Structures are given as C-alpha cells and as structure tokens.
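Structural features, examined
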Amino acid sequence: MNLAITLATTRRILAQLRHDHRTVALLIVVPSLLMILLRYVFQRQEAFDRLGPMLLGLFPFVVMFVVTSVATLRERTGGTLERLMSMPLGKLDLLVGYALAFGLAALVQVGVVLVISLTWLGLDLTGSLASLVLVAVLDALLGMALGLFASAFARTEFQAVQFMPALVLPQTLLCGLIIPRDQMAGWLEALSRVLPLTYAVQGMQEISTRPRFTGTLATDVAVIAAFTVAALLLGAATLRRRTV
Amino acid sequence: MMSSSPAVRVRDLRVVRGGREVLHGLSFDVPRGRVVGLLGPSGCGKTTVMRALVGVQIVRSGQVTVLGEEAGSPGLRDRVGYATQAPAVYGDLTVAENLRYFASVLRAPRGDVDRVIEEVGLTGNRDQPVGTLSGGQHSRANLAVALLGSPELLVLDEPTVGLDPVLRRELWTLFRELAGRGVTLVVSSHVMDEAGRTDRLLLMREGRILADGAPAELRERTGAADLEEAFLRLIDETAGSPA
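Residues numbered from 1 in each chain as written. Chains lettered and ligands numbered in written order. Predicted model: local features only at pLDDT ≥ 70, side-chain atom pairs only at ≥ 80, totals over all residues. Heavy atoms only, no water.

Chain B is annotated in an unreviewed UniProt entry as ABC transporter ATP-binding protein of Actinomadura violacea.

Identification of chain A as Transport permease protein from Actinomadura violacea is taken from an unreviewed UniProt entry. Under the UniProt heading Subcellular location (unreviewed entry), the entry covering chain A gives this text: "Cell membrane". (UniProt positions renumbered as here; feature names shortened; annotations may be inferred.)

Given below as structure tokens:
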C-alpha cells in the first residue's frame, strides 16, 4: 500500500462526486427526508425516539451499498480498473481510497440527518452522540464494502442495482427492526445472528436506550468492523490484474 | 548486452478466450527504439497480443518477456504505457483531473500533465469533462495517460482511429520523436496507409503472424505496389502452400 496513491484515489473519487451534483443532493437529502417522514408518520415522539436511531444506522448502509456497487462496476466495465491494475497501484490503495472517500461522504450525510433529527424533529437520544456517529459511519463503510464485493458478481448496472433488494431487504426483515429478534422462529433468529445488519441495528438500539457505552455495543461495533474488513478483503480478491 | 536485447520477446504465445484458441503459438521480437505496427483485420487477435504484452491477459502457454522481465511483473508497471482502444478514462472528470490522478498513481512529475496535454493537442480542452469531448478527443485523452511518466515501451491499440489526417500526421510525428529518444512503440491499426510509417510490420490474420518485416521489404518480397496488395498476396501465399 502507498499512502500518496491511496489519497490521490480518494481525491479522484471526491472530484467525481463533486461533478455529479444530483448524486450529492440525493445522498444528502434522501435520508433526511425519510427521517422527517418517519417523524410525522409516527405522530408519537417515543416511537420516533425508538426507531429513529435504528434507521440512522440503516440509511447510510443502503445508500453506500448502491453507490459503491455501481461506482466500482463502472470502473470494471469502463476499462479504468484494468488500466489501474497495469499501473503501480495496489489493490488496497484502491479499496482504502474508496473507503476514505465514501466514509467522508457518509460523515456528511449522517451529520445532516443528525442535525435535523436532533433539532427540528426533537429526537431524544439516551446514549452519546459520538457513539451514534461512530456506528452510523461504520454502517456506511459496511455498506460500501459489501457493495464493492457484490459488484464483482454483476455484469451490468441493472444487475448491480438488483443486488440491493437481494442482499439488503432480507437483512432488513431479520435485523430486529420490524419484529424483535427474540420473537422470531428459532431458525430465523439463528440466521439473523450471522447477518451484519443485525449488529448495526442492535448497536443503534443500545445507543437509543442506554446512556453508557455498553458491552453489547462494543461487541456490535467489533462485529460490524470485522464484517467490513472481511468484505473489503473479499472485494480485493475479486480485483484481478489478469483477466481472460 | 542489455541494450541490444529486444524490448519485447514473445515465444510460442497461446491464448484461449471463451473456449477457443485465439492466438496459435505466436513468436516475434520487437527491437528497442523502433515503431512496430501490428496490422490485421478486426478480430485477428491484435488486442489480445497487446494485452499479453502489458500483462493483463491470462495466457495459456508461451513466454512474453518485456524489457527483460516477465510481462506484467510489478517492476514493469511504470515502465510500460498502455492505451486501450476503448478509452479507459473517467468520463465525469476533466482532462486535467484525469491526468493528474493517473500521474499520481505513476508517481510522474507534476509538469507531465501539461506536457502530455500539449503532445496530444488537447490544450484547449484541458478543463472540459472527458465525457463531453468528441470521439477523437476522447481517444487522445486516453492516449495522453499512456504518455505520462517516462515509459520505455508504449503499447497503443488503434490510437489514431477516427482522427482527421492532420492530427494523425501529428501523432505519427510524435511517435517518431519518442522512438528517437529510445522509446519502443507497438502500435496497432487496421488502416494500411499507416503501415508505411512504421519501422517494422507484423501482419496478423486469424491469430497467426502472416509476415514480419520492414514495410519496403514486404512490398518487395511480394512484388506488390502497396501494402494492401502485399497483404492480400501473403494471404494467398499461405493459403496456397499448406506446408
């Protein structure tokens, strides 16, 4: 890995984002809009206080999954990946470059949603703001890493976008957001235990109900980070210097 | 002696794509500091040969040695410049932004960006997003990336396609200049009139090398007036002698 090349890659991806005003607007406006909708759909503040943080963990995950899978698929099909692979660029330079750029984008995204939620929408947070930002950004990085990995299995942008419902929606159903996990059938609960989004939502639940940084939260953070690293390494394995 | 060893040495190169052998045991050398043309109809395997030289092609068997190292070795990654036929640049970035990024990856000096923009004649389009360029400008932006740094071998896949004759002449002048500085160039084309500008020609057809020699030599050998005719005669020759 080479720091200068990694940072140049981050700069390049941010420059691409800067040129694409519509994507930037969607990245920032959509999660905020959904939070506003959620607040007024519920009418009751305590329901919003319970669900709001969980969705704060979900939005960056979903958005980053889609953005990254399409962005890396473009690198693959547009020939720029092959060109980079013929240059002195390490696979990790590219992956970490993406992680830094999209991590930064996620930070802005989460920041805007948080400001709106905590002021206008009156979200009452029991836990600390710092741990909420930490978990939300980790969720975004997890979405990014999985999107990167998934893009290796897509031939077209159509397919890449379809991976979102295929990989994300089942996790949304099982992560405890809709029905608490202890009320699920045994095999479903077991399944939910090996899915990363479960820990993302559980972490947010901890933050919304407990004032301290609990042991459960620490485990959640560690599991999300481990999933992210594993997905990045699997993603690195799908970047090939030589192809047919 | 190092300097007298060829820039490229290919021995019995076989490549299989989609279950079909597309290169059937190619062997050739490219001497240093020369402009070598890779000519042949579309689909004859030119691009596959070039991908093998750069080391991005999975090969079935054979040896490809580039600048004394195995093609694709890490040590070659900033010594070989490669421009694919379909432009591999970021359409949403400007010409300068693209070049700045690739220059950082190659650790090329900063001034290189301006140098290559001028060399490919894109000074007026420097800050224009690549996606809004015309086809010819787009392919020149692609070529500019390959010129960054100081590559000792340039592998250029149809770099002059779609360009007007004036620009084409300018690019060939640039190629000659580079060769004069000791750079080796492998340039593919399917336009026969460009073949005359090379030092050496590799004529390809259906995954085989039909002929390998200087343009004048090939004309002489076949007794043809131009290279197009020479190419046809060579095809007849190989078809006529099943040895």
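Next comes the rest of the description.
Counting its regular elements, chain B contains 8 helices and 10 strands. For 243 residues, the compact-globule estimate of 2.2 N^0.38 gives 18 Å, and chain B sits close to it at 18 Å. When its C-alpha atoms are laid out on the principal axes, chain B stretches across 55 × 40 × 40 Å. Here chain B holds 243 residues, and the buried ones make up 52% of them. Long-range contacts, defined as pairs at least 24 residues apart, comprise 64% of the intrachain contacts of chain B with a sequence gap of at least 6. For chain B, the exposed surface amounts to about 10,500 Å²; the carbon and sulfur share of it is 49%. Here chain B carries 29 positive and 31 negative side-chain charges, and the mean point of each set is 4 Å from the other. (Helix = DSSP H or I, 4+ residues; strand = E, 2+ residues; numbered from the N terminus. Rg over C-alpha atoms; globule rule 2.2 N^0.38 Å. Buried < 20%, exposed > 50% of the residue type's maximum accessible area, 1.4 Å probe, protein only. Contact = heavy atoms within 4.5 Å. Areas by Shrake-Rupley, 256 points an atom, 1.4 Å probe, with all protein chains shown as cover. Lys, Arg positive; Asp, Glu negative; His and termini not counted. Charge placed at Lys NZ, Arg CZ, Asp CG, Glu CD.)

Looking now at a nonpolar patch on the surface. A cluster of nonpolar residues, A:Leu26, A:Val30, A:Leu34, A:Leu37 and A:Val41, forms a patch on the protein surface that exposes about 440 Å² of accessible area. You can see A:Leu37 is positioned in helix H2 (residues 21-42). (Patch = residues over 30% accessible without salt bridge, like charges linked within 9 Å, V, L, I, M, F, W, Y side chains within 5 Å. Salt bridge = Lys/Arg side-chain N within 4 Å of Asp/Glu carboxyl O.)

Residue and element names in this part refer to chain A. Between helix H6 (residues 129-151) and helix H10 (residues 215-237), the shortest axis-to-axis distance is 8 Å and the interhelical angle comes to 25°. Of the possible angle classes, the one that applies to H6 and H10 is roughly parallel. At the point where H6 passes H10, the crossing takes the left-handed sense. Together, Ser131, Leu134, Val135, Leu138, Asp139, Leu141, Leu142, Met144, Ala145, Leu146, Leu148 and Phe149 of H6 and Leu217, Val221, Ile224, Ala225, Phe227, Thr228, Ala231, Leu232, Leu234 and Gly235 of H10 make up the contact between the two elements. Classifying every residue of the contact of H6 with H10 gives 18 nonpolar, 3 polar and 1 charged. (Axes fitted to C-alpha atoms, helices over the stretch in contact; angles between N-to-C directions. Parallel < 35°, antiparallel > 145°, perpendicular 65-115°, else oblique. Left-handed = near helix turned anticlockwise from the far one by under 90°. Nonpolar A, V, L, I, M, F, W, Y, C, P; charged D, E, K, R; others polar.)

The next subject is the pattern of salt bridges. Think of it this way: side chains of opposite charge can pair up when their charged atoms draw near. Considering all chains together, one arrives at 21 salt bridges over all chains under this definition. A salt bridge links A:Arg44 to A:Glu46; the nearest nitrogen and oxygen atoms lie 3.4 Å apart. Here B:Arg11 ties to B:Asp29 by a salt bridge, and the two come within 3.2 Å at their closest N and O atoms. Here the residue B:Arg11 occupies a position in strand E1 (residues 8-17), and B:Asp29 occupies one in strand E2 (residues 20-30), the gap between them amounting to 18 residues. Via salt bridges that share partners, B:Asp12, B:Arg14 and B:Glu21 belong to a single interconnected network.

This next bit is on the confidence of the model for chain B. Residue and element names in this part refer to chain B. Put simply, chain B has an average pLDDT of 92, and 97% of its residues get 70 or more. Within chain B, helix H2 (residues 95-106) carries the highest mean pLDDT (98), whereas helix H6 (residues 192-195) carries the lowest (81). For this predicted complex, the interface score ipTM comes out at 0.90, while the overall pTM is 0.91. (pLDDT = per-residue confidence, 0-100.)

Let's shift gears to the side chain of B:Gln57. Within the secondary structure, B:Gln57 is located in the loop between helix H1 (46-54) and strand E4 (61-66). For B:Gln57, the residues in contact, after removing those within four places along its chain, are A:Arg242, A:Thr243, A:Val244, B:Val15, B:Arg17, B:Thr48, B:Arg51 and B:Ala52.

A separate point is the nonpolar core. Among the nonpolar cores identified, the biggest contains 72 residues, and A:Phe102, B:Leu99, B:Phe102, B:Leu156 and B:Leu185 are the most heavily contacted of them. With residues near it in sequence (within four places) discarded, A:Phe102 still touches A:Ile13, A:Leu17, A:Met64, A:Val67, A:Thr68, A:Ala71 and A:Met144. Counting 37 residues, the second largest nonpolar core, distinct from the first, contains A:Phe48, A:Leu123, A:Val168 and A:Ile224. (Core = buried A, V, L, I, M, F, W, Y, C linked by side-chain atoms within 4.5 Å.)

Take the interface of chain A and chain B next. On the chain B side, the residues contacting the 26 residues of chain A number 31 residues. Buried surface at the junction of chain A and chain B, summed over both partners, amounts to about 2,600 Å²; 54% is from carbon and sulfur atoms. On inspection of chain A and its partner chain B, the count reaches 2 salt bridges. Among the ionic pairs, A:Glu82 bridges to B:Arg51, the shortest N-O distance being 2.5 Å. Between the two partners, chain A and chain B, sit 14 residue pairs in polar contact (both at pLDDT 80 or more). At the level of secondary structure, the elements contributing two or more residues to the side of chain A that touches chain B comprise helix H1 (3-19), helix H3 (45-77) and helix H4 (80-85) of chain A. Sort the elements by how many residues they give to the side of chain A that touches chain B and H1(A) lands first, with 8 residues. Considered class by class, the residues forming the side of chain A that touches chain B number 9 nonpolar, 9 polar and 8 charged. (Buried area = accessible area lost by both parts, 1.4 Å probe. Polar contact = N/O pair within 3.5 Å; in protein donor to acceptor, adjacent residues only side chain to side chain.)

Time to look at the UniProt feature "transmembrane region" (unreviewed entry) in chain A. All names here are of chain A. Residues annotated in UniProt with the feature "transmembrane region" (unreviewed entry) correspond here to residues 21-42, 54-73, 94-123, 129-153, 160-179 and 221-239. Helix and strand shares over residues 94-123 are 83% and 0% respectively, and the end C-alpha atoms of the span are 38 Å apart. Counted over residues 129-153, helix gives 92% and strand 0%. Its end C-alpha atoms are 37 Å apart.

Residue and element names in this part refer to chain B. Within the secondary structure, Leu76 sits in the loop between strand E5 (69-70) and strand E6 (80-83). Sequence-wise, Leu76 and Leu38 are 38 residues apart; in three dimensions their C-alpha atoms are separated by 21 Å. Apart from the residues within four sequence positions on either side, Leu76 is in contact with Val66, Leu67, Glu69, Glu70 and Ala71.

Our focus in this paragraph is the environment of B:Leu210. Residue and element names in this part refer to chain B. Positionally, Leu210 belongs in strand E10 (residues 208-213). For the pair Leu210 and Ile235, spaced 25 residues apart in sequence, the C-alpha separation works out to 7.4 Å. Apart from residues lying up to four places away in sequence, Leu210 is in contact with Leu203, Met204, Arg205, Phe231, Leu234, Ile235 and Thr238.

Our focus in this paragraph is the pairing of strand E3 (residues 35-39) of chain B. Residue and element names in this part refer to chain B. E3 sits mainly inside the fold: 5 of its 5 residues count as buried. Burial along E3 is two-sided: the residues Val35, Gly37 and Leu39 and Val36 and Leu38 are all buried. Note that E3 and strand E9 (residues 200-205) share 4 bridges and pair parallel. When the sheet's bridge partners are listed, Gly37 is paired in E9 with Leu201. (Pairing = 2+ DSSP bridges.)

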